[in-house]
Amino acid sequence: MQDLLIIGGREIKNRLFIGTGKFSRKSLIKDVLDKAKTDIVTVALRRVDIDSSDENVLDFIPENCQIMPNTSGARNADEAIRIARLAKASGCGNWVKIEIISDNKYLLPDNQETIKATKVLAGEGFVVLPYMTPDLYAGCRLVEAGAACVMPLGSPIGSGRGIKTKELVQIMIDEIKAPIIVDAGLGMPSDAAECMEMGCAAVLVNTAIAIAKNPVSMADAFSQAVAAGRKAYLASTAKGDTLIGKASSPLTGFLNE
Amino acid sequence: MMDLAALLAPLTNSHLEEMASVAQQLTLRHFGRAIQLYTPMYLSNFCDNHCIYCGFNKGNDIERKRLTLEQVRKEAVFLSEKGFQHILILTGSSRSESPISYIIQCVKILKEYFASVSIEIYVLTSQEYKTLIDAGVDGLTIYQETYDREVYRRVHPKGPKSDYQFRLEAPERALSCGMRFVNIGALLGLSDWRKEAFATITHAKCLQDKYPESEISISVPRLRPYKGKLENTVKVHDSDLAQMIMACRIFLPRVGVTLSTRESAKFRENVLPLGVTRMSANSTTAVGGHTIKDDASSQFEISDQRNLTEIKQMLTAKGYQPVLKDWMPI
């Protein structure tokens, strides 16, 4: 049986989502996406110039990829909603990654405003993928508001520090039924594998790939790490902090004999 | 703040190289391999001030002019066809010749052609900043020129600009009204560059801490030749400017750094990896200089004369993505 992730009615084979900012040239994005065989790609609407005769980032995204415009630059729910509507009107489809940052010092997402925007946009029929600061209750509110998944950060954007929020994300994975996708802060493929081994549904990576000396090769490495981590999760990794596992045959079955 | 002082202290070449390595990595992480491009558009050179370092000084005998709205549109068409999406409009400091009502008329025209319009004009009140934001302005560039009050008094002997405090508080007034992008700086060469760098970067930190929802950046303009003569200038070497850029990047990793065409093509290319995030191209400091051939009205001489195509080619060759659009009206 194929292990598919389904979001917004779309079957997703590759659980590595990729961001398109920070690359040295737009044409490199196509090579990266092709090599990683990515299904989902996020694009900042602030950088999309559909009317320009110059090269457009959308031109470099393979047709089979699902474009997920993001609301980078939004400082509150109202701005995120306006950007999402602009993206849809520009022909970018009805998927949106809500990214609301009212703090340019640490670039941490504003959960309260994100919940507000999610409610409005999900109500308008958008497939909403909200980027958020890890918090169980905010995650639950996002799902109630109509989010198709929840995307907590691993560590601040661009920091490359890996999954520093591991305990909080693990609680979210354990308690929230919607897919949990770690977005931001992953620096190496091993970080992505770690997220997948925990039970994350997918990860989203941009900086670590874009600023690598060989972005195409790094995208491939991330893709393989994500697949390996997922495989380990499905195989029930033996490593872990919890002692409660499931034995291959019941350990107390004899009591009923 | 002691960390910042250490970053700006006299350093050996090997320490500068270590700083460069850190600054490069931080720039890559936070901004990637992308440089935003913009161009200035001079609307007017009428001025009520007597800044002794500036070609627009009221006492200078230069041809004064202000673009008509038709000329503004002509410049806008010319620049937008080149590919620019971010424009910085500038005027001399004359409220009577370039009143807010005129600026608003220009902004309305420019919004038809550009994704983002920033202003570098005389200092405004909060209400005036709000009016311009409502008209579509999303960015403000304002240089304190010098943070040294004594030097400030000497180089601004008379005119409205002689009010140090009113100018110092201008970025905050704009930010408190919701200005999205604010770019500050000191005109390097008027006073000790280390003190100016310390004050500029500290100022940027205060603004970022108080208004985290807005994007703060700094410029590092060095004095350029202009129509006039200035005494008691201080030499700012290339290594000094590079150190200031790196210190800013390390101390404030997410603050943008703008490098204009005041600097030579070679220097601009060399410091690219050290923290620069935004550059101008196709620059002219003459009123209507993009479509009207006239150097007599220019504010100062630019150094890097390359057009947008050449700057884009250079960036691509150096492994950077030229970003022409990085915001839009919402």
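Scroll up a little and you will see the structure.
Since this is a predicted model, take the numbers as computed values, not measurements.

Visitor: Just give me the short version of the overall build of chain B, but keep the residues and values in it.
Guide: In terms of regular secondary structure, chain B is built from 12 helices and nine strands. Rg of the C-alpha trace for chain B: 19 Å, near the compact-globule value of 20 Å for 330 residues, within the 12% margin. Its C-alpha atoms give chain B principal-axis dimensions of about 55 × 45 × 35 Å. In chain B, which comprises 330 residues, the share counted as buried stands at 61%. Total accessible area on chain B stands at roughly 12,700 Å², and carbon and sulfur atoms take up 50% of it. Treating the 41 positive side-chain charges of chain B as one cloud and the 37 negative ones as another, the clouds have centres 1 Å apart.

Visitor: Go over the pattern of salt bridges with me, naming the residues and quoting the values.
Guide: Residue and element names in this part refer to chain B. Per the counting criterion, the structure on display carries 27 salt bridges over all chains. Ionic pairing is found between glutamate 172 and lysine 210, a salt bridge with its closest N-O pair at 2.9 Å. Placement of the pair is glutamate 172 in helix α8 (residues 170-176) and lysine 210 in helix α9 (residues 193-210), with a sequence separation of 38 residues. For glutamate 172, a relative accessible area of 28% translates into the label partly exposed. Since its relative accessible area comes to 51%, lysine 210 is described here as exposed.

Visitor: Kindly report on the packing of aromatic side chains, identifying the contributing residues and their values.
Guide: Residues and elements named next belong to chain B. With the rule as written, the count across this model stands at three aromatic pairs over all chains. Aromatic pair tyrosine 42 and phenylalanine 56: ring centres 5.9 Å apart, planes at 85°, arrangement edge-to-face. Of this pair, tyrosine 42 sits in strand β1 (residues 34-42) while phenylalanine 56 sits in the loop between β1 and α3 (69-82), placing them 14 residues apart in sequence. The same class applies to tyrosine 42 and to phenylalanine 56, which are both buried. One cation-aromatic arrangement involves arginine 278 over tyrosine 38; the distance from NZ or CZ to the ring centre is 4.2 Å.

Visitor: If you had to explain the pairing of strand β7 (residues 127-132) of chain A to someone new, which residues and values would you point to?
Guide: Residue and element names in this part refer to chain A. Most of β7 sits inside the fold, with six of its six residues counted as buried. Burial along β7 is two-sided: the face carrying Val127, Leu129 and Tyr131 and the face carrying Val128, Pro130 and Met132 are both buried. Examined bridge by bridge, strand β6 (residues 95-98) and β7 share four bridges and lie parallel to one another. Directly across from lysine 97, in β7, lies its bridge partner leucine 129. In terms of handedness, the path from β6 via helix α3 (residues 111-123) over to β7 forms a crossover that is right-handed. Inspection of the sheet shows β7 paired to strand β8 (residues 151-152) by two bridges, in the parallel sense. Its bridge partner lying in β8, methionine 132 is registered against proline 152.

Visitor: Go over helix α4 (residues 136-145) of chain A with me, naming the residues and quoting the values.
Guide: All names here are of chain A. Among all positions in α4, only Ala138, Gly139, Leu142 and Ala145 are buried. Looking straight down α4, one finds its buried side chains confined to an arc of 120°; they lie on one side. Residues of α4 that are exposed and point over 90 degrees away from its buried face: Tyr137 and Glu144. Elements that come into contact with the buried residues of α4 comprise α3, β7 and α5 (166-175). Glycine 146 lies just past α4 and shows a positive phi near 115°.

Visitor: Pulling in residues and values, what's your account of empty space enclosed by the protein?
Guide: All names here are of chain B. Evaluation of the coordinates by the stated rule reveals two cavities of 30 Å³ or more. In this structure, the second largest cavity occupies an estimated 40 Å³ of space. Contributing to the lining of the second largest cavity are Tyr143, Ser219, Val220, Pro221, Thr258, Leu259, Ser260, Arg262 and Glu263. Split into classes, the residues belonging to the lining of the second largest cavity amount to four nonpolar, three polar and two charged.

Visitor: Before we move on, could you go through the packing of helix α2 (residues 77-89) of chain A against α3 of chain A and cite the residues and values that matter?
Guide: All names here are of chain A. In the contact formed by α2 and α3, the axes pass within 8 Å of each other and the chain directions differ by 40°. The hand of the α2/α3 crossing is right-handed. Contact with α2, carried on its side by Ala77, Ala80, Ile81, Ala84 and Arg85, involves Glu113, Lys116, Ala117, Val120 and Leu121 of α3 and no other residues of that element. Residue composition of the contact of α2 with α3, grouped by class: seven nonpolar, no polar and three charged.

Visitor: Kindly report on the interface of chain B and chain A, identifying the contributing residues and their values.
Guide: Chain B puts 32 residues into the contact, and the matching count from chain A is 32 residues. Together, the buried faces of chain B and chain A total about 2,700 Å²; carbon and sulfur atoms form 46% of this surface. For the pair chain B and chain A, the interface holds five salt bridges. In this structure, the salt-bridge partner of aspartate 209 of chain B is lysine 105 of chain A, at a minimum N-O distance of 2.7 Å.

Visitor: With reference to specific residues and values, describe the nonpolar core.
Guide: By size, the foremost hydrophobic cluster in this structure holds 104 residues, and its most contacted members are Ile89, Ile119, Tyr129, Leu132, Ile218 and Leu315 of chain B. In contact with isoleucine 89 of chain B, other than residues within four places in its own chain, are Met41, Leu43, Ile103, Val107, Leu110, Val117, Ser118, Ile119, Glu120 and Ile121 of chain B. Residues Leu33, Ala87, Leu142 and Met172 of chain A belong to the second largest nonpolar core, which totals 64 residues.

Visitor: Account for the side chain of asparagine 56 of chain A, naming residues and giving values.
Guide: Residue and element names in this part refer to chain A. Examined against the element boundaries, asparagine 56 turns out to sit in the loop between β4 (40-44) and β5 (66-70). By relative accessible area, asparagine 56 is classed as buried at 7%. Here aspartate 49 takes part through its backbone oxygen, which lies 3.1 Å from a polar atom of the side chain of asparagine 56. In terms of polar contacts, asparagine 56 uses its side chain to reach the backbone amide nitrogen of leucine 58, at 3.0 Å. Beyond its immediate stretch of four places on either side in the chain, asparagine 56 contacts Lys26, Val48, Asp49 and Ile50.

Visitor: Summarise α9 of chain B; cite the residues concerned and give the values.
Guide: Residue and element names in this part refer to chain B. Here α9 spans 25 Å end to end across 18 residues, near enough to the 26 Å set by a 1.5 Å rise per residue. Trp193, Glu196, Ala197, Thr200, Ile201, Thr202, His203, Ala204, Leu207 and Gln208 are the residues of α9 that are buried. With a side-chain oxygen positioned 2.9 Å from the backbone nitrogen of arginine 194, the residue opening α9 is aspartate 192.

Visitor: Break down the environment of tryptophan 193 of chain B for me, citing the residues and quoting the values.
Guide: Residues and elements named next belong to chain B. Inspection of the secondary structure assignment puts tryptophan 193 in helix α9. Looking at tryptophan 193, the relative accessible area reads 5%, which means it is buried. Leaving out residues up to four positions away in the same chain, tryptophan 193 has contacts with Leu8, Val236, Asp240, Gln243 and Met244.

Definitions and cut-offs
- Residues numbered from 1 in each chain as written.
- Chains lettered and ligands numbered in written order.
- Predicted model: local features only at pLDDT ≥ 70, side-chain atom pairs only at ≥ 80, totals over all residues.
- Heavy atoms only, no water.
- Helix = DSSP H or I, 4+ residues; strand = E, 2+ residues; numbered from the N terminus.
- Rg over C-alpha atoms; globule rule 2.2 N^0.38 Å.
- Buried < 20%, exposed > 50% of the residue type's maximum accessible area, 1.4 Å probe, protein only.
- Areas by Shrake-Rupley, 256 points an atom, 1.4 Å probe, with all protein chains shown as cover.
- Lys, Arg positive; Asp, Glu negative; His and termini not counted.
- Charge placed at Lys NZ, Arg CZ, Asp CG, Glu CD.
- Salt bridge = Lys/Arg side-chain N within 4 Å of Asp/Glu carboxyl O.
- Phe/Tyr/Trp six-rings, centres within 6.5 Å; stacked < 30°, edge-to-face > 60°.
- Lys NZ or Arg CZ within 6 Å of the ring centre and 35° of its normal.
- Pairing = 2+ DSSP bridges.
- Right-handed = clockwise from strand over helix to strand, strands pointing away.
- Arc of directions from axis to C-beta.
- Contact = heavy atoms within 4.5 Å.
- 1 Å grid on protein atoms, 1.4 Å probe; cavity = no way out; pocket = protein on both sides within 12 Å on 5 of 7 lines; lining within 4 Å.
- Points joined across faces, edges and corners; volume = space filled by probe spheres on them.
- Nonpolar A, V, L, I, M, F, W, Y, C, P; charged D, E, K, R; others polar.
- Axes fitted to C-alpha atoms, helices over the stretch in contact; angles between N-to-C directions.
- Left-handed = near helix turned anticlockwise from the far one by under 90°.
- Buried area = accessible area lost by both parts, 1.4 Å probe.
- Core = buried A, V, L, I, M, F, W, Y, C linked by side-chain atoms within 4.5 Å.
- Polar contact = N/O pair within 3.5 Å; in protein donor to acceptor, adjacent residues only side chain to side chain.
- Expected span 1.5 Å × (residues − 1).

The quantities given are spatial measurements derived from coordinates; they are silent on function.
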